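Observations on the model geometry
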Amino acid sequence: GVSYCGLQCQYDIDDCGDCVHGGEAEQLGPELIPNGEFDTSDGWDIGTGWEINTSVGVLQTIGALENPSNVLRNGILNIGSIYKIKFDLTVNEGNLQIRFGSDTESSNFSSSGINLTYYGTAAGSNDLWIRGLTGFDGYVDNVSVKEVLGSSAIEGYEDNFNFVSIHNANMDDCNICYGDAIK
């Protein structure tokens, strides 16, 4: 594996921030978010303090959130399956989380980035949650969610598999900075 941020990952990370194992790219299912560019508000359940700005095609807060607030894509996940989300994020202030179901949450995303990537297991519900925490002000775009298929890409997977791999177009390397998927 590759070691970043003091963690030893049981996977290798390719130059695009994708998790690979044994030199083979992960196998992914079809795209689950047909409107991840936010050209319309179709299919999104928008919480208080959020809006979809269709003129520029982004999901954005209306100023800093006064309370935690969610934007949901309902019913697209299978509980117990592993998913990969990639998205662009601009953070003016505060923190954003991704949840694959109501019982899974990512570490806080507090910095802007392109092609941010998070892997997680759907638990508690079959909804994708984009959750702005109190004080979050920013916007999200280019959301892509796919199921991770097959055991070759996730050999050694355990129920507490959660890690964030981040690849920013302005960075030379991919980083893994959070995780339980360590040896």
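Residues numbered from 1 in each chain as written. Predicted model: local features only at pLDDT ≥ 70, side-chain atom pairs only at ≥ 80, totals over all residues. Heavy atoms only, no water.

Structural notes on the environment of Ser55
To keep it simple, the criterion reads: A run of H or I in DSSP counts as a helix once it spans at least four residues, and a run of E counts as a strand once it spans at least two, with each numbered from the N terminus. Under the rule applied, a polar contact is a pair of N or O atoms within 3.5 Å (in protein, one hydrogen donor and one hydrogen acceptor; residues adjacent in sequence only if both atoms are side-chain atoms).
With respect to the helices and strands, Ser55 occurs in the loop between strand S8 (50-53) and strand S9 (58-61). Sequence-wise, Ser55 and Thr40 are 15 residues apart; in three dimensions their C-alpha atoms are separated by 9.1 Å. A polar atom in the side chain of Ser55 sits 2.5 Å from the side chain of Asn53.

With respect to the packing of aromatic side chains
Test applied: Aromatic contacts are taken between Phe, Tyr and Trp rings whose centres are within 6.5 Å, Trp giving its six-membered ring; a plane angle under 30 degrees counts as stacked, one over 60 as edge-to-face, and the others as tilted. Whether a residue is buried, partly exposed or exposed follows from its accessible area with a 1.4 Å probe, protein chains only, as a fraction of its type maximum: under 20%, in between, or over 50%, in that order. Two conditions define a charge located above a ring, namely a distance within 6 Å from the ring centre to NZ of Lys or CZ of Arg, and an angle within 35 degrees of the ring normal.
By the definition in use, this model includes 5 aromatic pairs. Taking the centre distance of 5.5 Å and the plane angle of 5° together, the rings of Phe100 and Tyr118 count as stacked. Taken as a pair, Phe100 in strand S12 (residues 96-100) and Tyr118 in strand S13 (residues 113-121) lie far apart in primary sequence, 18 residues in all. Across this residue pair, the class does not change: Phe100 and Tyr118 are buried. An aromatic cluster of three or more residues is present, and its members are Tyr83, Phe100 and Tyr118. One residue, Arg73, lies across the ring of Trp44, its end atom 5.0 Å from the ring centre.

A short note on unusual backbone geometry
Trans is the prevailing form of peptide bonds, just as negative phi is the prevailing case for residues other than glycine. Phi is positive for Phe38, which is not a glycine, with a value near 60°. Tracing the backbone through its elements, the reader meets Phe38 in the loop between strand S6 (27-28) and strand S7 (45-46). If you check the backbone angles, Asn115 has positive phi at about 60° while not being a glycine.

Observations regarding the sheet that holds S7
Selection criterion: By this definition, two strands are paired if DSSP reports at least two bridges between them.
Read across the open sheet, the 4 strands follow the order S7-S10-S14-S12; overall the sheet is antiparallel. Two strands close off the open sheet at either side, each with one partner strand: S7 and S12. Bridge analysis of S12 against strand S14 (residues 128-132) gives 5 bridges, and the strand direction is antiparallel. Opposite Phe100, over in S14, you have Leu128 as the bridge partner.

A few points about the side chain of Ser81
Note the threshold: Two residues qualify as a contact provided that any one of their heavy atoms is within 4.5 Å of a heavy atom in the partner residue.
Take Ser81: it is sitting in the loop between strand S10 (69-73) and strand S11 (82-93). One polar contact links Ser81 to Glu147, side chain to side chain, over a distance of 3.2 Å. Apart from residues lying up to four places away in sequence, Ser81 is in contact with Gly120, Thr121, Ala122 and Glu147.

A closer look at the nonpolar core
Here is the rule we go by: Side-chain atoms within 4.5 Å are what join buried Ala, Val, Leu, Ile, Met, Phe, Trp, Tyr and Cys residues into a set we call a nonpolar core.
Residues Phe87, Leu96, Ile98, Phe100 and Ile130 are the most contacted members of the largest nonpolar core, which totals 28 residues. Contributions of two or more residues to this core are made by S8, S11, S12, S13, S14 and strand S15 (137-149). Considering every element that reaches this core, the biggest residue donor is S11, with 5 residues. For Phe87, the contacting residues outside a window of four places in its chain are Leu96, Ile98, Phe109, Gly113, Ile114, Asn115, Leu116, Val140, Asp141, Asn142 and Val143.

Comments concerning the confidence of the model for the protein
Using the following cut-off: In predicted models, pLDDT denotes the confidence assigned by the predictor to each residue on a 0 to 100 scale.
Per-residue pLDDT for the protein averages 76, and the proportion of residues at 70 or more is 67%. Between residues 1-23, whose pLDDT stays under 50, and residues either more than four places distant or in other chains, the model counts 72 contacts. Throughout residues 151-183 the model reports pLDDT below 50, and contacts reaching past four residues in sequence, or to other chains, amount to 96 contacts.

Side note on the side chain of Asn53
Examined against the element boundaries, Asn53 turns out to sit in strand S8. If sequence neighbours within four positions are ignored, Asn53 has contacts with Phe38, Val58 and Gln60.

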